[in-house]
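Understanding the architecture of this molecule
The residues making up each chain are set out below.
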Amino acid sequence: MTLRTLLNSWRPDYQKLFFFFVTIFALALLGAVISFSLYPWPVYSWQQLQELQTQELPLYAFERGNLEFTLSAENYVLFERWLGNPIQPNVIALDVYFILFGLSLSALLAILSALPRYWFYAGTTIMAFLIALFRWDALSLAGSGNPMMGIIIVSIFLGVLFFFQFFQSSASFLKRLLAFTVLCALLGIVVNAASPVLQPLRYLAVNTLPIALVLLIIFIMLVAHQIMASFVSLALASSRTHRLRQFLIISTIYLLNLWVAYLDRIGWMDWDYTMSPFLLFFSSSVLAVWTIRQRFPIYEFLFKNEVLLIYFIFAFGTMAFATMGYFISSANDIVLLSLNDFILYTHIGYGMMFLLYVVSNFLGMFEKNLPIPTVLYKPTTMPYFSYRFAGLIVTLALIFYNNWAAHFNHLTSGFYTAMGDIHFGQPNVSAHTAYRQAHVYAPYNQHAATALAALEGANGNYGKEKNYAVDANRFRPTEFTILNADNLFILSGNAYEEIRLLRKGKNLHPASGVIRNNLGLAFARIGMADSAKFYFTEAAKDHRTRRSAEMNVLGLIVKADMPDYVDSVFQLESGSPSVRSNAFALANRQGRTLSAKVKLPKDSILDIFSASLLANYLTNQTNQIDSAFLSTCVLVAQKEKNLSFRHMILQSAAKACYASGQVNRAFSLLQEAIFLGSSVGPNNYALGLMAMDQEKHDVALSYFLYALNNRSVPAAQANAVSLAEVGRIDEALVAWDTLGNRKDTTLQAVVESMKRVLGAPPSWFPDLSERERLYYARYRIPLHDSILFSRLVGQIKNEDFRAKAFLHRARQYFADDELSLSVAQYKNLQGLHLTDTRLFAEIKYFELRLLASQGRMDDLQAIIKQGILFGPYRESERVYYEALKQEASGDMTAAGRNFEWLARNNWYFDDGIVAASRFFKRDSRKSYGILADALQVNPRSAKILKAYIPVALARGFDPYAVNALETLRGILAPTAFQKYVNQNQLSGLLLQ
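Quick look at the structure, then. (Residues numbered from 1 in each chain as written. Predicted model: local features only at pLDDT ≥ 70, side-chain atom pairs only at ≥ 80, totals over all residues. Heavy atoms only, no water.)

**Observations concerning the overall build of the protein**
Threshold: Put simply, DSSP marks the helices as runs of H or I at least four residues long and the strands as runs of E at least two long, and each gets a number from the N terminus on. This radius of gyration counts C-alpha atoms alone. The globule rule is 2.2 Å times how many residues there are, raised to the power 0.38. Burial classes follow relative accessibility: with a 1.4 Å probe on protein chains only, a residue under 20% of its type's maximum area counts as buried, one over 50% as exposed, and anything between as partly exposed. The contact criterion used is simple: two residues touch if any of their non-hydrogen atoms lie within 4.5 Å. In these tables, accessible area is a Shrake-Rupley quantity obtained with a 1.4 Å probe, and a residue counts as shielded only by the protein chains included in the view.
Scanning the protein from terminus to terminus reveals 46 helices and 2 strands. The C-alpha atoms of the protein give a radius of gyration of 44 Å, which is well past the 30 Å a tight globule of 992 residues would have. C-alpha extents for the protein along the principal axes are approximately 130 × 60 × 55 Å. The buried share of the protein, reckoned over its 992 residues, is 54%. A separation threshold of at least 6 residues defines the contact pool for the protein, and within that pool the share at least 24 residues apart is 66%. When the accessible surface of the protein is split by element, carbon and sulfur atoms take 58% of a total near 44,300 Å².

**Some thoughts on the packing of aromatic side chains**
Applied cut-off: Whether two aromatic rings pair depends on their centres lying within 6.5 Å, for rings of Phe, Tyr and Trp, where Trp uses its six-membered ring; planes under 30 degrees apart make the pair stacked, over 60 edge-to-face, and the rest tilted.
Within the structure shown, the criterion is met by 77 aromatic pairs. With a centroid separation of 5.4 Å and an interplanar angle of 85 degrees, the aromatic rings of Phe-120 and Phe-162 are classed as edge-to-face. Of this pair, Phe-120 sits in helix α4 (residues 117-132) while Phe-162 is found in helix α5 (residues 148-167), placing the two residues 42 residues apart along the sequence. On the basis of relative accessible area, Phe-120 is assigned to the buried category, the value being 0%. With a relative accessible area of 29%, Phe-162 lands in the partly exposed category.

**Regarding the pattern of salt bridges**
What counts is decided by this rule: A pairing counts as a salt bridge when a side-chain nitrogen of Lys or Arg comes within 4 Å of a carboxyl oxygen of Asp or Glu.
Counted by the stated rule, this structure contains 37 salt bridges. The closest approach of N and O atoms between Glu-695 and Arg-811, which form a salt bridge, is 3.8 Å. A residue pair is termed long-range when its members are at least 10 positions apart, and Glu-695 in the loop between α28 (680-693) and α29 (697-709) and Arg-811 in helix α35 (residues 799-815) qualify at 116 residues. Arg-811 gets classed as partly exposed once you look at its relative accessible area, which sits at 23%. Ionic contacts of the salt-bridge type, sharing partners, join the residues Arg-64, Asp-693, Glu-695, Arg-811, Glu-842, Arg-874 and Glu-877 into one network.

**Quick word on a nonpolar patch on the surface**
The cut-off we apply is this: Patch membership requires more than 30% relative accessible area and the absence of a salt bridge. Residues of like charge join within 9 Å; the nonpolar side chains Val, Leu, Ile, Met, Phe, Trp and Tyr join within 5 Å.
A grouping of Leu-30, Ile-34, Leu-38 and Trp-41 is seen on the molecular surface, where their side chains present a nonpolar patch of about 400 Å² in accessible area. Mapped onto the elements of the fold, Trp-41 is located in the loop between α2 (12-38) and β1 (46-64). The partly exposed category is assigned to Trp-41, whose relative accessible area is 49%.

**A short note on the nonpolar core**
Selection criterion: To form a nonpolar core, buried Ala, Val, Leu, Ile, Met, Phe, Trp, Tyr and Cys residues must be joined to one another through side-chain atoms within 4.5 Å.
Phe-21, Phe-173, Phe-281, Tyr-311 and Leu-339 are the most contacted members of the largest nonpolar core, which has 140 residues in total. The greatest single-element share of this core, amounting to 18 residues, is contributed by helix α12 (residues 333-367). In contact with Leu-339, not counting residues within four places along its chain, are Leu-213, Leu-216, Ile-217, Ile-220, Phe-278 and Met-324. Ranked by size, the runner-up nonpolar core spans 139 residues in total, among them Ala-615, Ala-656, Phe-667 and Ala-720.

**Examining unusual backbone geometry**
Pro-40 follows Tyr-39 through a cis peptide bond whose omega is 5 degrees. Among the structural elements, Pro-40 can be located in the loop between α2 and β1. Here the bond from Trp-41 into Pro-42 is cis, since omega is 5 degrees, no more than 30 degrees from zero. With respect to the helices, strands and loops of the structure, Pro-42 is situated in the loop between α2 and β1. Not every positive phi belongs to a glycine, and Ser-679 is a case in point at roughly 45 degrees. Note on Ser-679: relative accessible area 27%, which makes it partly exposed.

**As for helix α13 (residues 384-401)**
Note the cut-off: What a helix should span is 1.5 Å times the count of its residues minus one.
For α13, which comprises 18 residues, the first-to-last C-alpha distance of 26 Å matches the rise-based estimate of 26 Å (1.5 Å per residue) to within 8%. Listed in full, the buried residues belonging to α13 are Tyr-384, Tyr-387, Arg-388, Ala-390, Gly-391, Thr-395, Leu-398 and Ile-399.

**Quick look at the packing of α2 against helix α6 (residues 173-194)**
For the record, the criterion: What counts as an axis is a line fitted to C-alpha atoms, over the stretch in contact for a helix, and the angles between N-to-C directions run from 0 to 180 degrees. In this scheme, roughly parallel covers angles under 35 degrees and roughly antiparallel covers those over 145, while 65 to 115 is roughly perpendicular and the rest are oblique. Classification used: nonpolar for Ala, Val, Leu, Ile, Met, Phe, Trp, Tyr, Cys and Pro, charged for Asp, Glu, Lys and Arg, polar for all others including Gly.
Following both chains from N to C, one finds α2 and α6 inclined at 45 degrees, their axes separated by 10 Å at the closest point. Considered as vectors, α2 and α6 are oriented oblique to each other. Of α6, the residues touching α2 (which contributes Asp-13, Tyr-14, Leu-17, Phe-20 and Phe-21) are Phe-173, Leu-174 and Leu-177. For the contact of α2 with α6, the residue count by class is 7 nonpolar, no polar and 1 charged.

**Looking at the environment of Met-562**
By the secondary structure assignment, Met-562 is in the loop between α22 (546-560) and α23 (577-590). The buried category is assigned to Met-562, whose relative accessible area is 10%. Discounting chain neighbours no more than four positions away, the residues touching Met-562 are Ala-529, Asp-530, Lys-533, Leu-556 and Ile-557.

**Observations regarding helix α20 (residues 513-525)**
Put simply, the test is: By the criterion applied in these results, polar contacts are pairs of N or O atoms within 3.5 Å in which, for protein atoms, one can donate a hydrogen and the other can accept it, and in which residues neighboring in sequence qualify only through two side-chain atoms.
Here α20 spans 18 Å end to end across 13 residues, near enough to the 18 Å set by a 1.5 Å rise per residue. Where burial is concerned, most of α20 is hidden: 11 out of the 13 residues are buried. Residues of α20 that are buried include every one of Gly-513, Val-514, Ile-515, Arg-516, Asn-517, Asn-518, Leu-519, Gly-520, Leu-521, Ala-522 and Phe-523, and no others. The secondary structure elements touched by the buried residues of α20 are β1, β2 (67-84), α18 (479-492), α19 (495-508), α21 (529-539) and α22. A side-chain oxygen of the first residue of α20 lies 3.2 Å from the backbone nitrogen of Ile-515; this N-cap is Ser-512.

**Some details on the layout of surface pockets**
Spelled out, the test is: Residues are said to line a cavity or pocket when one of their atoms sits within 4 Å of a point; the points come from a 1 Å grid over protein atoms alone, cavities being sets where a 1.4 Å probe fits but cannot get out and pockets being open sets with protein on both sides within 12 Å along at least five of seven lines. Grid points are joined across faces, edges and corners, and a volume is the space filled by probe spheres set on the points.
Volume-wise, the second largest pocket comes out at about 1,600 Å³. Mapped by element, the contributors of at least two residues to the lining of the second largest pocket are α9 (243-266), α10 (277-290), α12, α18 and α19. Top contributing element to the lining of the second largest pocket by residue count: α12, with 6 residues. The residue inventory of the lining of the second largest pocket, partitioned by class, reads 18 nonpolar, 7 polar and 8 charged.

Below is the structure:
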């Protein structure tokens, strides 16, 4: 009979109820299967923790005082390890379970009310006992510990049962089902409203779990033989002859697999390809529902018709799958451990006995090729009860042999774990108490131990937190429990204990990429780069950790300076931001500029990956940066939602701006990064270096002071050099003497040399080394004492050193706007034979400045055409010469754009500021503004002050002009100052 024919033979209300039961059974089954496929989510889920490491990357080196200083960028290297999120008990699964449990219980009560009288009494007694075990007194409905409400509730259920059995025996099943469903719903409403406990319905749901577990185990035993029974039909369908042999072969293979799974479970053999007990249960349950009508002859004494039997199996199956689904979706591992064993034991016990049952009863029918399935449950020799009893004996034998008390403890521990889940995260001790009880019954309960570790960690009890995390790994540790314990070892700094744990985890989970990824990081932390690279490579084979492993291996290569993987790094088009970020970091480390482009996030929201990618990209493109893209990056970083990553972008952008000649913007961006509290010492040191590079040592000193106050170690030597450069010899001597306290033999030699230079009288000059003589000429001979300078420098035999002395003196005169004296010193360089190519280049660049100041544009352009390259860090000079050339040729529009650029981008480039102010002199306001803005950051520039004073007077700003003149007096030598006053007729201004 087909299903449609069967349904058509039923009454309409029975048909509707059939679809109702099918629906709830399907929902319970589907929920359990989905939970099984997602296990242990959502209780356990992954998080990735990123570790951002910085690496100083040299960008640009320059020489001051015959010492080399390097402006560095920060190279951002990302590493990523995996860790379980804090445990999240799945109380929604408990709610779903309770609803399905209530519907199933209502259906079973309705069926019970329709049973024959004897079985009704037996079933009612059992049901009353089960309902009484729901611990109604714990809900305090009639006062704490009062059992009266439980007695009343059981009496109500019994009353309804007796009502339908004796007074409404003709009532339809639909009415019975609705009556018990409404009764359960009303009871839930009363409990929720009247119980003083927190979450009373969930509390009641947990109290139903022990009974649900007992019923689940009964259902497991009820359906344990169904796979074996299906082999009968399979053998009959697959062959017309040798059906018995087919059945015996299939059954034997199946039973052997069960025994192998059992031996693997008890540790007598190691076999990775055993059948999953849960899949066995799902399969046998579906087969039991599908073939329920075949078993009607067994239950004819109990059910008046097969409709009630079908309803019973659906309701019982729904309750079983709801219970199983809850424990799976709540990751109640300790219960699942025992359920796993129970399923295996019952399938072995009942499977073996069912084979004996089939052979004993139907051997002749196999030989005659008769349709056995139709009479499978109508035995002739071995009664069905005998098979059931024998199967139970074998199952119990396996349970008792494998320590039945442990299973009891497991189920009890699982109950308390469920109780802890409903209170987890609430401001009371109920969760801790319940989990502790669960831990007492089973110390290796992973769920309870993990929850206890989280609770102890939240309370600051880190010793207990670690102990519970270790307990979670005592039996069959999972990836989550291993990595949670791994995180605690990392926090405690116990690297070798961490490696031991992760190696154990690797052996237990050979295919786990998350364990291998973290193991690679552990080896990287102790400096074993080759081992780390091996495990990262292995982790990349796991689809979950491929991105993390690729990122980590690139980070390892950068940090350990490993030569491998160089060619593959540049395949960046399809890489994730995290991998590309480390790829750019590697390229930066190798000094290679990549042609690959990066895109800003579409929503302009940065994360650690996109921020480090942009920062590394800006560093990589420093010497050829796209100004428009640079500006866009800065705008994105300055959005409020990107505050956490703003400093990364600003620091890299500032260095790129400086390289492209946007000096003002570079200072502004680094100052903004300092304001954010990011790398205050290093960023102030970088600002000081940029000021040094611009020959503004007075400005540099203010930044070095901030850097030193923020414990920037390299700022001390730069500070000592700058003090000497501005002529503060006594302070420089103290600064160098302080540096001598460091335990650095190389530095101490430099310190002793500089102390001799700064403290020696002129009579010691012949005893100084060649290098010390250069320093002496640079720092100890006053600018106005040209006779002493000529006499002492003539004693320097090294022509490179002598050239450096002449070049420095020429630059000093040039900075003070003493052009004729500067040219005279520059002429001393003629005829010297130089070996230092960098020095030769510096001389040629300075010659261009002299020619520009003299207005000798033809000579200037001729030298440039010989192949003088400007490139990064000399963009201001290039634009300056280009503007002068355009002005001389009459192209005022182009010249105006370039002078505008100079006025806006570099207030430390004195010649460019003065020239821009002169070019815009027709607009007195603009001309004055250019000079005034520059003086705000460059207040001791003799050239700018000289240009500012007459412009300020012309604008009527006499007080400002007076202040500027007083500042100029402190900069220039007295004769040079008086000469300037006389030439500009400013004697009257001095009197003000």
